[in-house]
Amino acid sequence: MIEFQSVSKLYDGLAAVDDVSLTLERGTLTAVVGTSGSGKSTLLRMVNRLVEPTSGRVLIDGADTASVPPAQLRRRIGYVIQDTGLFPHWSAARNIATVPELLGWPKAQIRARVRELMEVLQLDPDAIGPRRPHELSGGQAQRVGVARALAARPALLLMDEPFGALDPVIRGQAQADLRRVQRQLGTTVILVTHDMAEAIRLGDRIAVMREGRIEQFAAPAEIIAAPATPFVADLLGEGDRAFRLMSLRPAREIAEPGAAEGPMLPAGSSLAEALAEMIWTGRDRLPIAGPDGRAVGVVRRDAVIRAGRPEAGPE
Amino acid sequence: MRPAGVLRLALLALTAAFLLFPALFAPMLRPLAPPNMPVIYDRASLSSLALSHLALVAAAIIPSALLASALAILVTRPAGAEFLPLSRALVGFGQTFPPVAVLALAVPVVGFGTWPTLIALFLYGLLPIFENALAGLTGVSGAVRLAADGMGMTPGQKLRRVELPLALPLMIEGVRISAVIAVSTAAIGSTVAARSLGEVIIAGLNANNLSFVVQGGLLTAALALIVYEALGMVAEAARNRLGLPAEPASRPAG
């Protein structure tokens, strides 16, 4: 559990972070969204003491971070940054081994851990391991950066615009990988992004920041359905709200018994995908597949549209 | 072997031959010497002069490199940043002073011999090494530095594991520049009785023996080239060991 207690950071008398109090549950992924200069990166860096708060405290599992020496604290916390920050003179494998080396793990254990992580992140240890960062593609470098952050099995992972430098196709893959790895390991993640769509896609909860303050802290569906301030609504993009909400809910939830013509909707489809398919193929009713790939029911257009209204939202 | 390698080897072989068997080259230099005067410098062996010339350079440049690098490291630490202007002024001052002036000023204080030359070379060598080390250390990207901090490296670990290895090729380039300047400047040291190839040139000027002047001058130039090439190879090896591309290459797409 991460607690920010009235945390502020002043630079030359100006507040980059202004009296922020937040509690993040263990094992959740919290997305901190804001425009540049909103203080989101500063807030993140106060967790591992790359930035010291001017006032207030940050607690991890009840312990004040200020009571732990910075280097020791940081070795327990994973950290991923936008430009990967891989050490250019070390191989991918050595980069991943950074924190275990600092912690003085035995060599054999480090080697095994590096292999294991590379496999989890779908990097071939024999082919990619010996390469230098400048020999990696953007997506590979990003995954090496994540592997490096996870090497010493941190319970907490901080990510500062981790997908910002990736093209859209690779970004989607990287986001899905992060979600999978996060669920698999039960890591608590704080992810800073300027992209609301990314926050909605990945976050269990979203904290919207503006000028150093938290504008709203809520689950994605609630943020979409009831933006607390005009700024949050702006960030969402008013026009897309219905689609954003519909992209969060699985179509299976509104399936009815029955059958329909035409190709089946895949099992994990969202309401937005169901509607898009209806518009594209000119159908009012779609058969929907269950996890085993066989038809389990029918999704009707008016039900989809009704479910896209905020009062019908999941919260 | 590449042409550059052949040239290097030829230069080295020719220089070694001249130093070890100067008599072989006497016929070529004979027209430059006045009648009845020795063609090859004979008051000391050329090879021993070349060795003490190089020793003089090493004895000045090694401490110069250590001090300049230490200063560059100091001023790139958060606590030492305020010393940057002072350090710049200090090493810049060393560079502005013409070595001849340093020699002239040092002789009354430390006497004739090796010391005035050592002091001049030492001071003159500081600036290129300092500026290159500074460029190397500040050239480490912000993301890499942030990552080093974020991974939990202590400031000392960050310096040893990340900053110094990345700055090393540029630091060696700085030493290379200073060493080459020092080889040519060390010759002047013989005006205040330092043992170097300058002795041969000065003897030639005194005795109006052009042959001495030419062999002293050529050998000094050859030493400078050899030092330049040798340290260039060391810098290249340091770059290769880092596995960095020679030119900063852009990341492959995707």
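Caption draft 1: Quick look at the overall build of chain A. Tallying secondary structure elements over chain A gives 14 helices and 12 strands in all. The C-alpha radius of gyration of chain A comes to 22 Å, within 12% of the 20 Å expected for a compact globule of 315 residues. For the C-alpha atoms alone, the extent of chain A along its principal axes is close to 60 × 50 × 30 Å. Counting across all 315 residues of chain A, residues that qualify as buried make up 52%. Pairs at least 24 apart in sequence give 63% of the contacts found in chain A among residues at least 6 apart. Seen as two clouds, the 38 positive and the 38 negative side-chain charges of chain A have centres 5 Å apart.

Caption draft 2: Local environment of the overall build of chain B. Looking only at helices and strands, chain B features 10 helices and 0 strands. Reading chain B from its N terminus to its C terminus gives the helix and strand order α-α-α-α-α-α-α-α-α-α. Taken across its 254 residues, chain B has 44% of its residues classed as buried. Sequence-distant contacts, at least 24 apart, represent 74% of the contacts inside chain B between residues at least 6 apart. In the structure as shown, chain B presents an accessible area of about 12500 Å², 73% of it carried by carbon and sulfur atoms. Charged side chains of chain B number 15 positive and 10 negative; the gap between the two group centres comes to 4 Å.

Caption draft 3: Inspection of the sheet that holds strand β7 (residues 156–160) of chain A at higher detail. Residues and elements named next belong to chain A. With mixed pairing, the 6 strands of this open sheet are ordered in space as β6-β7-β8-β3-β9-β10. The sheet is open, and its two edges are formed by β6 (77–81) and β10 (213–218), each paired on a single side. On average, adjacent strands in this sheet sit at an angle of 15° to one another, irrespective of strand direction. When strand β9 (residues 205–210) meets β10, the two strands line up antiparallel, connected through 5 bridges. Bridged to Ala-207 within β10 is Phe-217. Docked against the sheet, helix α7 (residues 138–150) engages β6 and β7, running at close to 165° with respect to β6.

Caption draft 4: Representation of the packing of aromatic side chains within the structure. All names here are of chain B. Evaluation of the coordinates by the stated rule reveals 3 aromatic pairs over all chains. For the ring pair Phe-18 and Phe-25, a centre distance of 4.7 Å and an interplane angle of 20° mean the geometry is stacked. Each member of the pair, Phe-18 as well as Phe-25, is classed as buried. Ring geometry for Tyr-41 against Phe-212: centres 5.3 Å apart, planes inclined by 80°, an arrangement best described as edge-to-face. With Tyr-41 in the loop between α2 (26–29) and α3 (46–75) and Phe-212 in helix α10 (residues 210–242), the pair connects residues that are 171 residues apart, well separated along the chain.

Caption draft 5: Spotlight on the nonpolar core. Core analysis: the largest hydrophobic core is formed by 73 residues, its most contacted members being Phe-4, Val-47, Phe-87 and Ile-190 of chain A. For this core, the leading source of residues is α7 of chain A, giving 6 residues. When neighbours within four sequence positions are excluded, Phe-87 of chain A is seen to be in contact with Asn-95, Thr-98, Pro-133 and Arg-148 of chain A together with Val-144, Ala-147, Ala-148, Met-151, Met-153 and Val-162 of chain B. Of all hydrophobic cores here, the second largest spans 48 residues; its members include Ile-73, Val-91, Ala-182 and Phe-212 of chain B.

How each quantity is defined
Residues numbered from 1 in each chain as written. Chains lettered and ligands numbered in written order. Predicted model: local features only at pLDDT ≥ 70, side-chain atom pairs only at ≥ 80, totals over all residues. Heavy atoms only, no water. Helix = DSSP H or I, 4+ residues; strand = E, 2+ residues; numbered from the N terminus. Rg over C-alpha atoms; globule rule 2.2 N^0.38 Å. Buried < 20%, exposed > 50% of the residue type's maximum accessible area, 1.4 Å probe, protein only. Contact = heavy atoms within 4.5 Å. Lys, Arg positive; Asp, Glu negative; His and termini not counted. Charge placed at Lys NZ, Arg CZ, Asp CG, Glu CD. Areas by Shrake-Rupley, 256 points an atom, 1.4 Å probe, with all protein chains shown as cover. Pairing = 2+ DSSP bridges. Axes fitted to C-alpha atoms, helices over the stretch in contact; angles between N-to-C directions. Phe/Tyr/Trp six-rings, centres within 6.5 Å; stacked < 30°, edge-to-face > 60°. Core = buried A, V, L, I, M, F, W, Y, C linked by side-chain atoms within 4.5 Å.

As far as function goes, none of this settles anything; it's purely spatial.
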